[in-house]
Amino acid sequence: MAAGRAFLGAPCSSLATGARRLAFASLPPRALAPALRRRVPGRRVASVSSSPDAASAPEPYVLTTPLYYVNAPPHMGSAYTTIAADAIARFQRLLEKKVIFITGTDEHGEKIATSAEASGRNPKEHCDVISSSYKMLWADLDIEYDKFIRTTDHKHEGVVNEFYSRVLSSGDIYRADYEGLYCVNCEEYKDEKELAENNSCPVHLKPCVARKEDNYFFALSKYQHKLEELLARNPDFVRPSHRLNEVQGWIKSGLRDFSISRASVDWGIPVPNDTKQTIYVWFDALLGYISALLDDGEQASLQQAIDRGWPASLHLIGKDILRFHAVYWPAMLMSAGISVPDAVFGHGFLTKDGMKMGKSLGNTLEPKDLVERFGADAVRYFFLREVEFGNDGDYSEERFINIVNAHLANTIGILLKYICFCNMYILFMRAKTYYAFCLLSSHSVHFNYASFCVNNDIVLLI
RNA sequence: GGCGGCGUAGCUCAGCUGGUCAGAGCGGGGAUCUCAUAAGUCCCAGGUCGGAGGUUCGAGUCCUCCCGCCGCCA
């Protein structure tokens, strides 16, 4: 029995720290696998709906994570978003909805070219390496996505070109000179008044460079009233609600047109009819949510992609990219005559032991290491359960072990063990309790997931 | 500075339109079963619900002010 004193993939030795309780559940991860793991990670079997109205082809539930920027391998923040999205996707599948869960990588831009050069590779090779590291992590975390889009995919470029043409024909793209201080890391111009000392970017704390370019601009300002109407008509468009206030504030204070091309960046999708410029990474990447809907090898048609299930039901993102998803993106879609998504949910950031994580602080939390030590179920469970969804959340190893032991090992683990071993005596003794638990939980889970309170009742979905 | 939010048990948080709302999970303490994993089961938190006024028969729950913390202001 001693050999089995580990819960869900956590080696005993890794948990044997000091006087802390050492024993996790006796079931090794693979013993539970047949009961818990229904599919090969990342390769979901197409769901077959048995609901009565399946014949009328109900709209799919299209759910997205951001397309992660491949300047660096995945970090815990990316993993958190994807874990949460996967939990929501699983819930929707339990409701027998056809779910299209989209994730992927955003691979263009100056910063990528710079990262590639630093690692001695050409941009495409660099993207291949980093993009595959995301896929590997999602497999390790049992993420069951349906579509993985890379913005360097051929089909994506076709969709971007077509979309650009639509926006152009709406009269929302114009050419203008722009001169200002540019942050290469943000890949955007900065207002002088927002800069830190020495004209440094407030986000990256690196000096911005003076740049003058002849760029193409998107007429965002034209969409101010339409965006206001959108939020007034559908306040659930931005969640949680306190972020709606922020978005409304941004719009109310006035929207400025933004540059959607770069003359100085080679690694990107060329602007149609002007190959001297490439399309701004955000204008490019956001369209990945649509191009992802196309099957591999399918003709790169914008309309065909839309017919595959657009609009998205939910964009799940971190709060740092809310502006792009809740302001720029719907305006771009309106311009192209395409439906806007149903909702954008901006979750919070993660801290470690109460501290902001960062390479410079040397306290990053590597999702890969966490999975290797504790197993995917434990990692998924902890972040879903212990982070108030929408707010910032904290990781500490002590808390992690406490929660996993108490909830997964002591409660669920033991129950599963006795189900697996058909210990009828124990099951009989506890039958009433488990029955009541299931009854209450089914109602509760439905309510909580429908309102994106994923941290409640999460145990039933892992 | 402007706008918005928050401050409820050691920790993370529930408490909708004011009247069993003083709660949950984890941690901690105690008891107990022994066909369960240092498991399970049962009991225990006397927290002035940030502070002070006010409205009300009655306020974490509404109003005002103060203190502290946080977010956004591209």
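Calculation rules
- Residues numbered from 1 in each chain as written.
- Chains lettered and ligands numbered in written order.
- Predicted model: local features only at pLDDT ≥ 70, side-chain atom pairs only at ≥ 80, totals over all residues.
- Heavy atoms only, no water.
- UniProt positions renumbered as here; feature names shortened; annotations may be inferred.
- Helix = DSSP H or I, 4+ residues; strand = E, 2+ residues; numbered from the N terminus.
- Buried < 20%, exposed > 50% of the residue type's maximum accessible area, 1.4 Å probe, protein only.
- Contact = heavy atoms within 4.5 Å.
- Areas by Shrake-Rupley, 256 points an atom, 1.4 Å probe, with all protein chains shown as cover.
- Phe/Tyr/Trp six-rings, centres within 6.5 Å; stacked < 30°, edge-to-face > 60°.
- Lys NZ or Arg CZ within 6 Å of the ring centre and 35° of its normal.
- Pairing = 2+ DSSP bridges.
- Right-handed = clockwise from strand over helix to strand, strands pointing away.
- Axes fitted to C-alpha atoms, helices over the stretch in contact; angles between N-to-C directions.
- Parallel < 35°, antiparallel > 145°, perpendicular 65-115°, else oblique.
- Left-handed = near helix turned anticlockwise from the far one by under 90°.
- Expected span 1.5 Å × (residues − 1).
- Bend = angle between axes of the 7 residues up to and from the residue.
- Core = buried A, V, L, I, M, F, W, Y, C linked by side-chain atoms within 4.5 Å.

With an unreviewed UniProt entry as reference, chain A is termed methionine--tRNA ligase, source organism Panicum virgatum. Per UniProt, chain A carries the Catalytic activity (unreviewed entry) text "tRNA(Met) + L-methionine + ATP = L-methionyl-tRNA(Met) + AMP + diphosphate".

A. Expanded view of the overall build of chain A. When you go through chain A residue by residue, the secondary structure sums to 16 helices and 16 strands. In chain A, which comprises 462 residues, the share counted as buried stands at 52%. The contacts in chain A between residues at least 6 apart in sequence include a share of 74% that link residues at least 24 apart. Here chain A has roughly 21,400 Å² of accessible surface; of this, 54% comes from carbon and sulfur atoms.

B. Looking closely at the packing of aromatic side chains. Inspection of every chain in the model, using the stated rule, returns 26 aromatic pairs. Geometrically, the ring pair formed by Phe 382 and Tyr 395 is edge-to-face, given 5.8 Å between the ring centres and 85° between the ring planes. Remark: Tyr 395 occurs in strand β16 (residues 393–395) and Phe 382 occurs in helix α14 (residues 376–386); sequence separation between them is 13 residues. For Tyr 395, a relative accessible area of 3% puts it in the buried group. Three or more aromatic residues joined by ring pairs make a cluster, and in this case those are Tyr 80, Phe 345, Phe 374, Phe 382, Phe 383, Phe 389, Tyr 395 and Phe 400. The ring of Phe 148 has Lys 135 lying over it, and the distance from NZ or CZ to the ring centre is 4.8 Å. In this structure, Lys 319 is placed above the aromatic ring of Phe 349, and the distance from its NZ or CZ to the ring centre is 4.7 Å.

C. Broad picture of the pairing of strand β12 (residues 314–318). The buried count for β12 comes to 5 of 5 residues, which makes it a mostly enclosed element. Neither face of β12 is left uncovered, since the one carrying Leu 314, Leu 316 and Gly 318 and the one carrying His 315 and Ile 317 both have all their residues buried. Summarising the sheet, strand β1 (residues 61–69) and β12 pair through 2 bridges and their orientation is parallel. Bridged to Thr 64 within β12 is His 315. Note: β12 against strand β13 (residues 344–347), 4 bridges, orientation parallel. By the bridge assignment, His 315 is partnered in β13 with Val 344. In terms of handedness, the path from β12 via helix α12 (residues 322–335) over to β13 forms a crossover that is right-handed.

D. Broad picture of the packing of helix α3 (residues 76–94) against helix α5 (residues 123–140). Running from amino to carboxyl end, α3 crosses α5 at an angle of 50°, the nearest separation of the two axes being 11 Å. Taken as axis vectors, α3 and α5 run oblique relative to one another. Considering how the two elements wind past one another, α3 and α5 form a crossing that is right-handed. Packed against α3, whose contacting residues are Ser 78, Ala 79 and Thr 82, the element α5 presents Tyr 134, Leu 137 and Trp 138 at the interface.

E. Geometry of unusual backbone geometry. Each neighbour pair has its own omega, and for Arg 239 with Pro 240 the value is -10°, a cis peptide bond. As for its position among the elements, Pro 240 is in the loop between β7 (238–239) and α8 (241–252). Cis geometry marks the peptide bond from Trp 310 to Pro 311; its omega dihedral reads 10°. Mapped onto the elements, Pro 311 comes out in the loop between α11 (302–307) and β12. Phi is positive for Asp 142, close to 60°, though the residue is something other than glycine. In this structure, Glu 187 takes a positive phi of about 55° despite not being glycine. For Glu 187, the location among the structural elements is in the loop between β4 (173–183) and β5 (188–190).

F. Expanded view of α12. The first and last C-alpha atoms of α12 sit 19 Å apart over 14 residues, in line with the 20 Å expected at 1.5 Å per residue. By the largest-angle criterion, Tyr 328 marks the main kink of α12, which is about 30°, and a proline, Pro 330, follows within four residues. Burial analysis of α12 places 12 of its 14 residues in the buried class, which makes it a mostly covered element. Taken residue by residue, α12 has Leu 322, Phe 324, His 325, Ala 326, Val 327, Tyr 328, Trp 329, Pro 330, Ala 331, Met 332, Leu 333 and Ser 335 as its buried positions.

G. Region of the structure containing the UniProt feature "domain: Methionyl/Leucyl tRNA synthetase" (unreviewed entry) in chain A. Mapped onto this numbering, the UniProt entry gives "domain: Methionyl/Leucyl tRNA synthetase" (unreviewed entry) at residues 197–416. The annotated region residues 197–416 carries 41% helix and 19% strand content, and the separation between its end C-alpha atoms amounts to 58 Å.

H. Just the side chain of Asp 86, in detail. Within the secondary structure layout, Asp 86 lies in helix α3. Asp 86 sits in the buried class, given a relative accessible area of 0%. In this view, Asp 86 contacts Phe 101, Asp 142, Ile 143, Glu 144 and Arg 380; residues no more than four positions away in its chain are not counted.

I. Expanded view of helix α6 (residues 154–169). In this model α6 runs 23 Å from its N-terminal to its C-terminal C-alpha over 16 residues, within 8% of the 22 Å that 1.5 Å per residue would give. Residues of α6 that are buried include every one of Lys 155, His 156, Gly 158, Val 159, Val 160, Phe 163, Tyr 164 and Val 167, and no others. Trailing α6 by a residue or two, Gly 171 shows a phi angle of about 80°, which is positive.

J. Looking closely at the pairing of β4. Here 10 bridges tie β4 to strand β6 (residues 209–218), and the two strands are oriented antiparallel to one another. By the bridge assignment for β6, Arg 175 is matched with Tyr 216. With 3 bridges joining them, β4 and β5 adopt antiparallel strand pairing. Within β5, the residue paired with Cys 183 across the bridge is Glu 188.

K. A look at the nonpolar core. With 110 residues, the main nonpolar core has Trp 138, Phe 163, Ile 290, Trp 310 and Phe 383 as its most contacted residues. Residues Leu 181, Cys 186, Cys 201 and Cys 208 belong to the second largest nonpolar core, which totals 6 residues.

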